[in-house]
Amino acid sequence: MANAQDDLQAPASPSSASALLHPLLAFVVALILTTFIFQSIPGTTVMWSLVQGAILSALMLVIVHFSDRRALGSPASSGVLGRWIVYVLLVAAVSGVVTFYLARTGLRSLDVSDIAMRACIVCGVCFMTGIYEEALFRVLAINAFVRAFVSKDRKPDVSSQDASAFYASRVTYASNPAVSRVSSASVSPAVSPYSPVASPAALSAKTSPAFKAALISALLFAFLHISVTGITSAYAMVQLQTVIKFIQTALFGFIMAAFYVRTRSVWLVALLHAVFDILYLGPVMLTLGIPSSLVTNEPLNLILLAITSALLVAPAVTAAQVLNEADSYELAGEATGK
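Residues numbered from 1 in each chain as written. Predicted model: local features only at pLDDT ≥ 70, side-chain atom pairs only at ≥ 80, totals over all residues. Heavy atoms only, no water.

1. Digging into the side chain of S217
What counts here: Numbering of helices and strands runs from the N terminus; a helix is a DSSP stretch of H or I covering at least four residues, while a strand is a stretch of E covering at least two. The buried label goes to any residue with under 20% of its type's maximum accessible area, the exposed label to any with over 50%, and the partly exposed label to all in between, with areas taken from a 1.4 Å probe on protein chains only. Nitrogen and oxygen atoms within 3.5 Å of one another constitute a polar contact, given that in protein one can donate a hydrogen and the other can accept it, and given that sequence-neighbouring residues count only through two side-chain atoms. We call two residues in contact whenever any of their non-hydrogen atoms come within 4.5 Å of each other.
Relative to the helices and strands, S217 is located in helix α8 (residues 209–224). S217 gets classed as buried once you look at its relative accessible area, which sits at 0%. At 2.8 Å, the side chain of S217 forms a polar contact with the backbone oxygen of A214. Excluding residues within four positions of it along the chain, S217 makes contact with F137, A141, I142 and A257.

2. Observations concerning the packing of aromatic side chains
How we decide: Stacked, tilted and edge-to-face are the three classes applied to pairs of Phe, Tyr and Trp rings, where Trp contributes its six-membered ring and a pair requires centres within 6.5 Å; stacked means planes under 30 degrees apart, edge-to-face means over 60, and tilted covers the rest. Any Lys NZ or Arg CZ that is within 6 Å of a ring centre and within 35 degrees of that ring's normal is treated as a charge sitting over the ring.
Applying the stated rule across the entire model yields nine aromatic pairs. Ring geometry for F27 against F145: centres 5.6 Å apart, planes inclined by 65°, an arrangement best described as edge-to-face. In this pair, F27 sits in helix α2 (residues 23–40) while F145 sits in helix α5 (residues 112–150), placing the two residues 118 residues apart along the sequence. An aromatic cluster of at least three residues, connected via ring pairs, comprises F137, F221, F252, F276 and Y280. Between R138 and the ring centre of F221, over which it is positioned, the NZ or CZ distance is 4.4 Å. The ring of F149 has K212 sitting right over it, with the charged end atom 5.5 Å from the ring centre.

3. A look at α2
Working note: α-helix, 3.6 residues per turn, so residues spaced by three or four point in the same direction. How we decide: To estimate the expected span of a helix, subtract one from its residue number and multiply by 1.5 Å. Here, the arc refers to the directions that run from the helix axis to the C-beta atoms.
For α2, built from 18 residues, the straight-helix expectation of 26 Å at 1.5 Å per residue is met to within 8% by its first-to-last C-alpha distance of 26 Å. Of all the positions in α2, only P23, A26, F27, A30, T34 and I37 are classed as buried. Looking straight down α2, one finds that the buried residues subtend no more than 95° of arc, so they occupy a single side. Projecting away from the buried face of α2 at angles above 90 degrees are the exposed residues I32, F36 and Q39.

See below:
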């Protein structure tokens, strides 16, 4: 019962401080600055990637500060997603171990101090990447797209009595599926399918603005991680790996989007992103530096991509449920229950 109540916990209320930047404007400015930094400071080496990541992280955090200070605060409970995040990190760790075993020969020419220094730099790159990518594709992108989607609707009136009755029934239903669901007379028919007091039938009938925004941000995030050369490659295996890499990255981005919507903290999602990169890409960066491409014309790489992508499907399904149950109006900064 405690877990069910925790998962149904309402998100934190919006900050009383008014945002100086509109969510859409903040996202556009962040995209322009990111493109400029990528063109001005190419991350061709680990050190330059660290410099690039530090500048981007600082810029993204400043934009988040002026557009949504809530994301810089303490995280809310992750609910059931917390267990899936552990699973996702285990998937990254297993893949990283396999990659390290194959590329370990590159470390034999280095002494312990060189390996330690390189490991610190790699961790720094991963943490900087986690901060600016999560700030851009989760906080700023989701806020912008959610605001655009909810602007088409108005938050319907829901009395506190109706909300309390439905939350009580949801907790009972979550702890015992055999218990009958809330009756149609218990909740006002005006309840929005995007509200946390919507019925399961309403949730399944229509995807919420939070779901749509998360999906778009995940697709944009995936496009960032593939190259045109991979798609247009003369090798069929490279093309296939590029497609699978897109799917894998989109699934990961979608999971992280749900985690952000649930916790409303850029720090927590950035930390999880960084740990995932350290476990998954760290071995390659430690031995070979910054890879010129995330796909290769090697069968083993194709197998690893396919397996990790398949293993991310289950948490992505849970993420979809969390996003459909999220209060998109609160996420967009509008008053809830009024």
